[in-house]
Amino acid sequence: MSKELIRLTDCVVKYDDEVVLDRLNLYINDKEFLTLLGPSGCGKTTTLRIIGGFQKPTSGDVFFDGKRINDLPPHKRKVNTVFQKYALFTHMNIFENVAFGLRIQKRPEKEIEQRVEEALELVNLPGYGKRSVDSLSGGQQQRVAIARAIVNRPQVLLLDEPLGALDLKLRKDMQVELKKIQQQVGITFIYVTHDQEEALTMSDTVVVMDKGNIQQIGTPQDIYNEPKNAFVADFIGESNIIDGTMPEDRVVRMYGKKFACLDGGFAPGEAVDVVIRPEDIDIVPVEQGQLTGTVTEVTFKGMHYDIIVDFQGFKWLIQTTDYSPVGARIGVKIDPDGFHIMKKSRYSGMFGDYSSYSSEYDELNEDTEADDEE
Ligand SMILES: Nc1ncnc2c1ncn2[C@@H]1O[C@H](COP(=O)(O)OP(=O)(O)O)[C@@H](O)[C@H]1O
Ligand SMILES: [Mg+2]
């Protein structure tokens, strides 16, 4: 398997008295695609800047290939960065943009030509050298920015929300493209995004952060299927999060009823957070339901309906292809593997109720608009 390439130990970053990174511990393997994921302000860019050498941790250490590199300046690290604002030189053609780093290193002309063309081929822009920056689309310009970084043959590429300025369709295409490039070049990518779907699509490993702390590290499947706490469950996909207790292993109690589940290892009667994903809930006739509730909202989403159902004042989101009108009494059934049981955390009670369903979608829209303006 891959060997460890980068390690951060107990990294703290403080501005005045504000703790921006709180004893971060993280290692990154060679050739891994690792994504730092979290809401704006959680410390993703700061973490990337520490790895790139643009910022020194207030305390803690950074290791590269086993050597402590706290004091190594950025240009001596085998690391290159691609920013969201890709800042290509508009007075130079594509070739010279990509060649820039090699010219500074005074590489021979022949080698420059060969390496630039190789890099352009890798990002799927073969023969584009003579074109001007203006003649390329946003997605193509971002690919030039990536070519400009990989032409220097870094061992690690740091990417800070590189697709943030692109529209949704282009962003999806570029996600697939970037993953391919990473596999072809065979280098480590450390990627920053606040977009959970992007993180799940591209990464080998996802690091979920909030408020300067790592909440969970795992594969996309781990993070989605086994979220560690209510923050992760809410941030990754949609989750109903309900208060429950564990009377015994493989039994969870909520709404005064017992349900079979697959989880165990809790103290008898321990209070827990119960995660139920909207797609894991079956709608059944009332008399067959494990619980019964009332439909309060229905939204057609193309592939399915988003249905909000009131269960004794707590509102769940259910995603289903079966239509139920507003006001209908329905029953629901959840298979044992549809439950995921989490320990209580400081995030308990903060997420997972869909009473504010419509306003949540408004917030999402505002978020997207803000991105477009950047
Ligand atoms: N130079 C700085 N001075 C003071 N505070 C900063 C500075 N840079 C970042 N911060 C703060 O550190 C926190 C984390 O920032 P950042 O790493 O950029 O988050 P992210 O990339 O996850 O959005 C934010 O609260 C931000 O306001
Ligand atoms: Mg940032």
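**Q** Run through the site of ligand 1, naming residues and quoting values.
**A** All residues adjacent to ligand 1 are Tyr15, Glu18, Val20, Pro39, Ser40, Gly41, Cys42, Gly43, Lys44, Thr45 and Thr46. In the environment of ligand 1, an oxygen atom lies 3.0 Å from a nitrogen or oxygen atom belonging to the backbone of glycine 43. Between an oxygen atom of ligand 1 and a side-chain N or O atom of threonine 45, the distance comes to 2.8 Å. Protein contact buries 60% of the 570 Å² of open area that ligand 1 shows by itself.

**Q** Which residues make up the layout of surface pockets, and what are the values?
**A** Looking at the second largest pocket, its volume works out to about 370 Å³. Around the second largest pocket, the lining comprises 14 residues; the ones closest to its centre are Pro74, His75, Arg77, Val79 and Asn80. Broken down by element, the lining of the second largest pocket gets its largest block of residues, four residues, from strand S6 (residues 79–83). Of the residues contributing to the lining of the second largest pocket, the split by class is five nonpolar, six polar and three charged.

**Q** Please provide a residue-by-residue account of helix H5 (residues 168–185), values included.
**A** Taking 1.5 Å per residue, 18 residues should reach 26 Å; H5 reaches 25 Å between its end C-alpha atoms and fits that length. Within H5, the full set of buried residues consists of Arg171, Met174, Gln175, Glu177, Leu178, Lys179, Ile181 and Gln182. Along its buried surface, H5 packs onto strand S3 (33–37), helix H3 (109–122), helix H4 (138–150), strand S7 (156–160), strand S8 (188–193) and helix H6 (196–202). Immediately downstream of H5, the backbone of glycine 186 shows phi near 65 degrees, a positive value.

**Q** Explain helix H2 (residues 94–104) to me, and be specific about the residues and the numbers.
**A** Among the residues of H2, Ile94, Phe95, Asn97, Val98, Ala99, Gly101 and Leu102 are the ones counted as buried. On its buried face, H2 is in contact with H3 and H4. Where H2 begins, one side-chain oxygen reaches toward the backbone nitrogen of phenylalanine 95, 3.2 Å away; that side chain belongs to asparagine 93. Taken from the residues just after H2, lysine 106 is the one with a positive phi, measuring 55 degrees.

Calculation notes
Residues numbered from 1 in each chain as written. Chains lettered and ligands numbered in written order. Predicted model: local features only at pLDDT ≥ 70, side-chain atom pairs only at ≥ 80, totals over all residues. Heavy atoms only, no water. Near = heavy atom within 4 Å. Polar contact = N/O pair within 3.5 Å; in protein donor to acceptor, adjacent residues only side chain to side chain. Areas by Shrake-Rupley, 256 points an atom, 1.4 Å probe, with all protein chains shown as cover. 1 Å grid on protein atoms, 1.4 Å probe; cavity = no way out; pocket = protein on both sides within 12 Å on 5 of 7 lines; lining within 4 Å. Points joined across faces, edges and corners; volume = space filled by probe spheres on them. Helix = DSSP H or I, 4+ residues; strand = E, 2+ residues; numbered from the N terminus. Nonpolar A, V, L, I, M, F, W, Y, C, P; charged D, E, K, R; others polar. Expected span 1.5 Å × (residues − 1). Buried < 20%, exposed > 50% of the residue type's maximum accessible area, 1.4 Å probe, protein only. Contact = heavy atoms within 4.5 Å.

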